[in-house]
Amino acid sequence: MQVAHAIAEILKQEGVKFIVGYPVNPIIEAAAEADIRTIIVRQERVGLHMADAVSRLSSGDDIGVFVMQHGPGAENAFGGVAQAYSESVPILVMPAGYSRRLAHYYPNFNSTLNMQHITKSAEPVSMGKAVPEVMRRAFWQLRNGRGGPALVEVPLDVFREDVGDFDYVPSYKTRTAPDPDGVARVASVLASAERPVIYAGQGVHYAKAWDELKELAETWGIPVTTSLEGKSAFPETHPLSLGSGGRAIPETVHEFLKEADVIFGIGCSFALTGFGVQMPKGKTIIHATLDAKDLNKDVPAQHVLLGDAKLTLQAISAAMGEPLSNVVSTRKAEAPAAIQAMKAKWLADWMPKLTSNDAPISPYRVIWELNQLVDKDNTIITHDAGSPRDQLSPFWESTAPLSYIGWGKTTQLGYGLGLAMGAKLARPEALCINVWGDAAIGFTGMDFETAVRERLPILSILFNNFSMAIELPIMQVATEKYRSTDISGNYSEMAQAFGGYGERVTDPNEIVAALKRGIEATERGQAALIEFITEKELATSTF
């Protein structure tokens, strides 16, 4: 068996359902022969984003795979690998490589060397017989510990070699539990806290610890917020939900964190980023995470636990037992009412924008109507970089785990389209939505054709204000002199030209009807792009 077919056989044994790629790479044909569905994109970065979503929406059980050509294909893929690395997403990246005699000299791009700083592991296949062991190492890295891309580079001349007979044993997940002494200390701190807040990250998603998080919050009356990556780990319609966001947040998140005496971070990194929730100083911090390199890196923590989020929450709940103090009973009675009152006041302040009937259309009005319209439990939505992220994330209420794909450690424009298409691959029965702007579509918009061609009926919601509006305050002279923030395009016509459903909306009274027509198109199996002509909105929910 030659190398490409051996790799395809191993991928099948590892449960891989899809390979996303761009030619030329022999693995594509070998995978098709092995009945693994192949999806071909228009550019490499989008394909990596699709693989990213496949991994996320299975909590890492189904590993997303992307393959590409050596040289320019690998070079084009760099940004997508870097994005997955920053978001700790386990994806298998398999570039072809230059033949071994050409792999290590200028100017040839060596993926193993050049991507080792944006991957969890990076290894070339040095000979055909090494395929099983290299693939074994990659998959064990993918399924265990902190997530991140694993790269396996296959030189062109190695593809022609024979692997020989081999027995391959598929990888599996292992879990680690936190130190029992540390758990006891944390349980004592949490049990005696007067105004605790839980801050949940994506580790809750990967550990599938949604029930344990909810049980702890309800038993002890602890309000919950999440990171962008952790959004949907806790139902945001729950009385104890503060909502979530990143750079923009609901007022409840800001106020409850500010007033907290103890902040319990579970399954999060507490990484400092301009696109994440900022932790107030002077608090008692409990940090429970999977990776030791996050501990006391950005946010000083008085108490730390290392381990799987599900096992950690189970251990803490068991150690805390049943609440007996009057503080807890009072909090359980009063916290939901306080949250609801603050949320109602915050929403009232935003209602003029959320219900605006002005034209150009307010992007907040579109989000508000969409939030009321769709079946949340069967919808997966993601934002894009810039304004769509800050407008969507505070106001969108997620109700089911893994129904929101949040991101923000790095913010590549155009990321959301590939995520929505990957979500549709992983969850074909769900309505999969990406919300983006006219800047983002300039980066990856050609891959809407991929959604059409590959029969991935997503709903793409585009805010078009003919401007890089978020940059207006910092590019005033460049805009006045050279119109440097102006951009243009008729993207609904582009969608139609690709064979999708496209509609441009200028009248706010048509928002709901247009959204319904877009959803109906997806139900017919047609990718849909609804282009809303919006105002240059700069206001965000920041404090």
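Shown above is the structure to which this text applies.
A brief report on the enclosed structure follows.

The rules behind these values
Residues numbered from 1 in each chain as written. Predicted model: local features only at pLDDT ≥ 70, side-chain atom pairs only at ≥ 80, totals over all residues. Heavy atoms only, no water. Helix = DSSP H or I, 4+ residues; strand = E, 2+ residues; numbered from the N terminus. Expected span 1.5 Å × (residues − 1). Buried < 20%, exposed > 50% of the residue type's maximum accessible area, 1.4 Å probe, protein only. Arc of directions from axis to C-beta. Contact = heavy atoms within 4.5 Å. Pairing = 2+ DSSP bridges. Right-handed = clockwise from strand over helix to strand, strands pointing away. Axes fitted to C-alpha atoms, helices over the stretch in contact; angles between N-to-C directions. Salt bridge = Lys/Arg side-chain N within 4 Å of Asp/Glu carboxyl O. Polar contact = N/O pair within 3.5 Å; in protein donor to acceptor, adjacent residues only side chain to side chain. Parallel < 35°, antiparallel > 145°, perpendicular 65-115°, else oblique. Left-handed = near helix turned anticlockwise from the far one by under 90°.

The terminal C-alpha atoms of helix α6 (residues 131-143) lie 18 Å apart, and with 13 residues this matches the ideal 18 Å at 1.5 Å per residue to within 8%. Burial in α6 covers these residues: Val131, Pro132, Val134, Met135, Ala138, Phe139, Leu142 and Arg143. The arc enclosing the buried residues of α6, seen along the axis, measures out at 165°, which places them on a common side. In this structure, the buried side of α6 is in contact with α1 (3-13), β4 (91-97), β5 (121-124) and β6 (150-155). Gly145, located one to two residues past α6, shows a positive phi value of around 75°.

Quick look at the pairing of strand β1 (residues 18-21) now. One face of the sheet, then the other: side chains in a regular strand alternate in exactly this way. Here β1 shows a buried face lined by Phe18 and Val20 and a second buried face lined by Ile19 and Gly21. Sheet topology note: the β1/strand β2 (residues 37-40) ladder contains four bridges and is parallel. Among the inter-strand pairings, Phe18 is bridged to a residue of β2, identified as Arg37. You can see the chain leave β1, run along helix α2 (residues 26-33) and come back into β2, and the turn it takes is right-handed. Pairing geometry for β1 and strand β3 (residues 64-68), over two bridges, is parallel. Within β3, the residue paired with Gly21 across the bridge is Val67.

Taken in spatial order, the six strands of this open sheet run β2-β1-β3-β4-β6-β5, and their pairing is parallel. Every interior strand has two partners, whereas the edge strands, β2 and β5, have only one. Across the sheet, the mean angle from the axis of one strand to that of its neighbour is 20°, orientation sign disregarded. As paired elements, β4 and β6 share four bridges and run parallel to each other. When the bridges of β6 are listed, Val93 appears paired with Leu151. Packing of α2 onto the sheet brings it into contact with β1, β2, β3 and β4, and relative to β2 it is tilted by some 145°.

What follows is about the pattern of salt bridges. Using the criterion set out here, one finds 34 salt bridges in the structure. In this structure, Glu123 and Arg137 form a salt bridge, with 2.6 Å as the shortest nitrogen-oxygen distance. A residue pair is termed long-range when its members are at least 10 positions apart, and Glu123 in strand β5 and Arg137 in helix α6 qualify at 14 residues. Residue class for Arg137 comes out partly exposed when judged on its relative accessible area of 34%. In this structure, a network of salt bridges that share partners links the residues Arg37, Arg42, Glu449, Arg453 and Glu454.

Further remarks concern the sheet that holds strand β13 (residues 379-382). One open sheet holds the six strands; their spatial order is β14-β13-β15-β16-β18-β17, and the pairing between them is parallel. Strands with a single pairing partner mark the edges of an open sheet, and in this sheet they are β14 (404-405) and β17 (501-505). Summarising the sheet, strand β16 (residues 459-464) and strand β18 (residues 528-533) pair through six bridges and their orientation is parallel. The residue of β18 that forms the bridge with Ser460 is Leu529. Sitting on the sheet, helix α14 (residues 363-373) is in contact with β13, β15 (431-437), β16 and β18, with an inclination near 160° to β16.

Relative to the elements of secondary structure, Glu44 occurs in helix α3 (residues 44-56). Note: C-alpha distance between Glu44 and Gln69 (25 residues apart in sequence) is 9.5 Å. In contact with Glu44, other than residues within four places in its own chain, are Tyr22, Phe66, Met68, Gly73, Asn76 and Ala77. Side-chain polar atoms of Glu44 contact the side chain of Asn76, separated by 3.3 Å.

Turning to the packing of α14 against helix α21 (residues 511-523), a few remarks are in order. Taken N-terminus to C-terminus, the directions of α14 and α21 make an angle of 55°; their axes are 10 Å apart at the nearest point. Relative to α21, α14 is oriented oblique. Crossing hand, α14 versus α21: right-handed. Packed against α14, whose contacting residues are Arg365, Val366, Glu369, Leu370 and Leu373, the element α21 presents Ile511, Val512, Leu515, Lys516 and Ile519 at the interface.

The next subject is the pairing of strand β11 (residues 284-289). With five of six residues buried, β11 lies mostly within the body of the structure. Pairing geometry for strand β10 (residues 262-266) and β11, over five bridges, is parallel. Opposite Ile263, over in β11, you have Ile285 as the bridge partner. In this sheet, strand β12 (residues 303-306) lies alongside β11 in parallel orientation, the contact comprising four bridges. Following the sheet pairing, Ala288 is matched in β12 by Leu305.

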